[in-house]
Amino acid sequence: MISFYPGPSRVYDEIPLFVKDAHRLGIMGINHRSAAFMKMLEQTVKLLKSKLEIPSSYTVFFTSSATECWEIIAQSLISKKSHHIYNGAFGERWFDYTKRLKPAASPYVFHPEDELSAVSFIFPGANDVICITQNETSNGTQVSNHIIKEIRKNNPFHIIAVDATSSMAGIKLDFKNADIWFASVQKCFGLPAGMGIMVCSKNALSRAEVIKERNHYNSLHLIIEKMKDWQTPYTPNVLGIYLLMRVMEQVKPINDIHEQTLNRYEHWVDFFSNGKSIKFYIHNNGLRSNTVLTLSATPKLIQKIKKLTADKGMLLGEGYGRLKADTFRIANFPAIKDNEIRNLKKLLQPHL
Ligand SMILES: *Cc1c(COP(=O)(O)O)cnc(C)c1O
């Protein structure tokens, strides 16, 4: 089954091979305090930084999921206030989780057909956390690097945190425009689920040092201390880190991947452009996500094409949350192959 679900999704073909290697090389039983593990962690971070063009001053951490990153930010980086700017279900969930830990969290909901207006978000004071969902996986919209840069410029004394769970490693992100970026590996990284990646600026680390929250096993303060020695507070997903290292060794630099993602996206736009029955859920092409396509059709047609594709070994993504009945989603993730996209298009063509 080829999964076009926007996470968990199709993994790279080489994954089974890498798993075998991990077994052969004794990675599966490796001690996470050993020199061999520390070296592997260091190498994985080095590759991530070089392939994704993460500035050298930033620090990379591994967590268990993107959801855990939401919680780490709430407990360890928000001293009082956070501002959540979103237009869909994932941004809302981030806000909901945060509010339970830090009740002063405020929501700022914008319409999915409107561009996020950077000038509307100039916050007074300092050290609040501004939370932006860069790629909203539920409705297939994205916030551009340019707008994040504007928000950075307008709020130089606040911390900016960006949820890039379903776009990191699929498009080029301008890391220097924010303090915290996070993702999980089952989306654009083409890996099996079970790990989150969190990228932090020096500024974010200093805030964690000032706040010094250390009540949790995953307190950022503790994670930072351990990472200085290429260690983690708890036994990490060692196999996950190994697989990430192997995948990062083989993937093209982010500029090439970005180009491929945009190319494929444009082809999808062409493909659906004359469609009468299937249309992009978001009309404004400039606001759409390049990595998660959300399409509208009647519930009846959606049921039909879901069955049709499943019969041919292809799994389409369900609509998310409120959009479940009358949308479906197609992942435009790097691990998917050209011929798989062609096959999917062939099946969809008669139903456009
Ligand atoms: C998938 C997703 C998450 C949750 O990721 P987990 O790894 O399941 O915790 C959070 N935010 C966005 C935007 C996502 O797409």
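Please refer to the structure higher up on the page.
In short, a report on the structure. Here the structure is a predicted model, which is why all the values come from computation and not from measurement.

Thoughts on the overall build of the protein chain
Thought 1: Secondary structure summary: the protein chain contains 11 helices and 15 strands in total.
Thought 2: On C-alpha atoms alone, the protein chain measures out to a radius of gyration of 20 Å, which is about the 20 Å that the 2.2 N^0.38 rule sets for 352 residues.
Thought 3: Principal-axis analysis of the C-alpha atoms places the extent of the protein chain at approximately 60 × 55 × 35 Å.
Thought 4: Taking all 352 residues of the protein chain together, the buried fraction comes to 56%.
Thought 5: Taking all contacts inside the protein chain whose residues are at least 6 apart in sequence as the whole, residues at least 24 apart take part in 71%.
Thought 6: Accessible surface, the protein chain: about 15100 Å² in total, of which carbon and sulfur atoms supply 54%.

A look at the site of the ligand
Thought 1: Taken together, 13 residues lie around the ligand, and Thr67, Thr137, Asp163, Ser184 and Lys187 are the ones closest in.
Thought 2: Residue alanine 66 places a main-chain N or O atom 3.2 Å away from an oxygen atom belonging to the ligand.
Thought 3: At 3 residues, helix α3 (residues 66-76) tops the list of elements feeding residues into the shell around the ligand.
Thought 4: Residue composition of the shell around the ligand, by class: 3 nonpolar, 8 polar and 2 charged.

Side note on helix α8 (residues 238-250)
Since the α-helix turns once every 3.6 residues, residues separated by three or four places project in the same direction.
Thought 1: Taking 1.5 Å of rise per residue, 13 residues should cover 18 Å, and α8 covers 19 Å from first to last C-alpha, within 8% of that figure.
Thought 2: With 10 of 13 residues buried, α8 lies mostly within the body of the structure.
Thought 3: Contacts made by the buried residues of α8 are with α1 (15-24), α2 (35-52), β2 (59-63) and β10 (196-200).

Some details on the pattern of salt bridges
Thought 1: A complete count under the given rule lists 16 salt bridges for this structure.
Thought 2: Notably, a salt bridge pairs arginine 10 with aspartate 13, separated by 2.9 Å at the nearest N-O pair.
Thought 3: Overall, the relative accessible area of 9% leaves arginine 10 in the buried class.
Thought 4: Residue lysine 324 is joined to glutamate 318 by a salt bridge in which the shortest nitrogen-to-oxygen separation is 3.6 Å.
Thought 5: By relative accessible area, which is 23% here, glutamate 318 ends up partly exposed.
Thought 6: Taken together, the shared-partner salt bridges in this structure form one network comprising Arg10, Asp13, Lys337 and Glu340.

Some words on the nonpolar core
Thought 1: Counting residues in each nonpolar core, the largest one holds 112 residues, and the members touching the most others are Phe62, Phe189 and Ile330.
Thought 2: Among the elements that make up this core, the one with the highest residue count is α8 (8 residues).
Thought 3: Other than its neighbours up to four places away in sequence, phenylalanine 189 contacts Tyr12, Leu48, Leu52, Met168, Ala169, Ala183, Ser184, Ile197, Leu244, Val247 and Met248.

A word on the pairing of strand β12 (residues 292-296)
Thought 1: The buried fraction of β12 amounts to 4 of the 5 residues, a majority that puts the element mostly inside the structure.
Thought 2: Bridging between strand β11 (residues 279-280) and β12 involves 2 bridges; their strand directions are antiparallel. If you follow phenylalanine 280 over to β12, its bridge partner there is leucine 295.
Thought 3: When β12 meets strand β15 (residues 327-331), the two strands line up antiparallel, connected through 5 bridges. Within β15, the position partnered with leucine 295 by the bridge is phenylalanine 328.

Digging into the sheet that holds strand β14 (residues 317-318)
Thought 1: Spatial strand order, β11-β12-β15-β14: 4 strands in an open sheet with antiparallel pairing. The open sheet terminates on both sides in strands that have one partner only, identified here as β11 and β14.

Overview of the environment of arginine 288
Thought 1: Position of arginine 288 among the secondary structure elements: in the loop between β11 and β12.
Thought 2: Distance from arginine 288 to glutamate 113, taken between C-alpha atoms, is 9.1 Å for residues 175 residues apart in sequence.
Thought 3: A polar contact is formed between the side chain of arginine 288 and the backbone oxygen of isoleucine 282, at a distance of 2.7 Å.

Comments concerning the sheet that holds strand β9 (residues 180-184)
Sheets are built from strands paired through backbone hydrogen bonds, the pairs being either parallel or antiparallel.
Thought 1: Strand order in the open sheet made by the 7 strands is β2-β10-β9-β8-β5-β3-β4, with mixed pairing throughout. Two strands lie at the open edges of the sheet, namely β2 and β4 (106-109), each paired on one side alone. Looking at each pair of strands side by side, their axes are set apart by 20° on average, direction ignored.
Thought 2: Looking at chain direction, β2 and β10 are connected through 5 bridges and run antiparallel. Looking at β10, one finds that phenylalanine 61 is bridged to methionine 198.
Thought 3: Against the sheet, helix α7 (residues 220-227) engages β2 and β10, with an angle of about 115° to β2.

Things to note about the pairing of β15
Thought 1: Within β15, 5 of the 5 residues are buried, which leaves it mostly tucked inside the rest of the structure.
Thought 2: Looking at chain direction, β14 and β15 are connected through 2 bridges and run antiparallel. The partner of glycine 317 across the bridge, within β15, is arginine 329.

About the thresholds
- Numbering of residues starts from 1 in every chain and runs along the sequence as written.
- Whole-chain, interface and lining totals are the exception, using all residues; otherwise, since this is a predicted model, local features are given only for residues with pLDDT of at least 70 and side-chain atom pairs are given and counted only at 80 or more.
- For the side-chain quantities, the full set of heavy atoms in the structure was used; hydrogens and water were omitted.
- Secondary structure elements are taken from DSSP: a helix is a run of H or I of four residues or more, a strand is a run of E of two residues or more, and numbering for both begins at the N terminus.
- Our radius of gyration looks at C-alpha atoms and nothing else; its globule reference is 2.2 Å times the residue count to the power 0.38.
- Only protein chains enter the calculation, and the probe is 1.4 Å; a residue is then buried if its accessible area is under 20% of its type maximum, exposed if over 50%, and partly exposed in between.
- The contact rule is simple, with two residues in contact once any of their heavy atoms fall within 4.5 Å.
- The accessible surface values rely on the Shrake-Rupley method and a 1.4 Å probe; as for residues, cover is taken only from the protein chains in view.
- Whether a residue is near a molecule or strand is decided by its heavy atoms; if any one of them lies within 4 Å of it, the residue is near.
- Nitrogen and oxygen atoms within 3.5 Å of one another constitute a polar contact, given that in protein one can donate a hydrogen and the other can accept it, and given that sequence-neighbouring residues count only through two side-chain atoms.
- When residues are sorted by character, Ala, Val, Leu, Ile, Met, Phe, Trp, Tyr, Cys and Pro go into the nonpolar class, Asp, Glu, Lys and Arg into the charged class, and all the rest, Gly among them, into the polar class.
- Take the residue count of a helix, subtract one, and multiply by 1.5 Å to get its expected span.
- Any carboxyl oxygen of Asp or Glu that lies within 4 Å of a side-chain nitrogen of Lys or Arg is treated as forming a salt bridge with it.
- Among buried residues, those of type Ala, Val, Leu, Ile, Met, Phe, Trp, Tyr and Cys that are joined through side-chain atoms within 4.5 Å constitute a nonpolar core.
- By this definition, two strands are paired if DSSP reports at least two bridges between them.
- Lines are fitted to the C-alpha atoms to define the axes, a helix being fitted only along its stretch in contact, and any angle between axes, read from their N-to-C directions, falls within 0 to 180 degrees.

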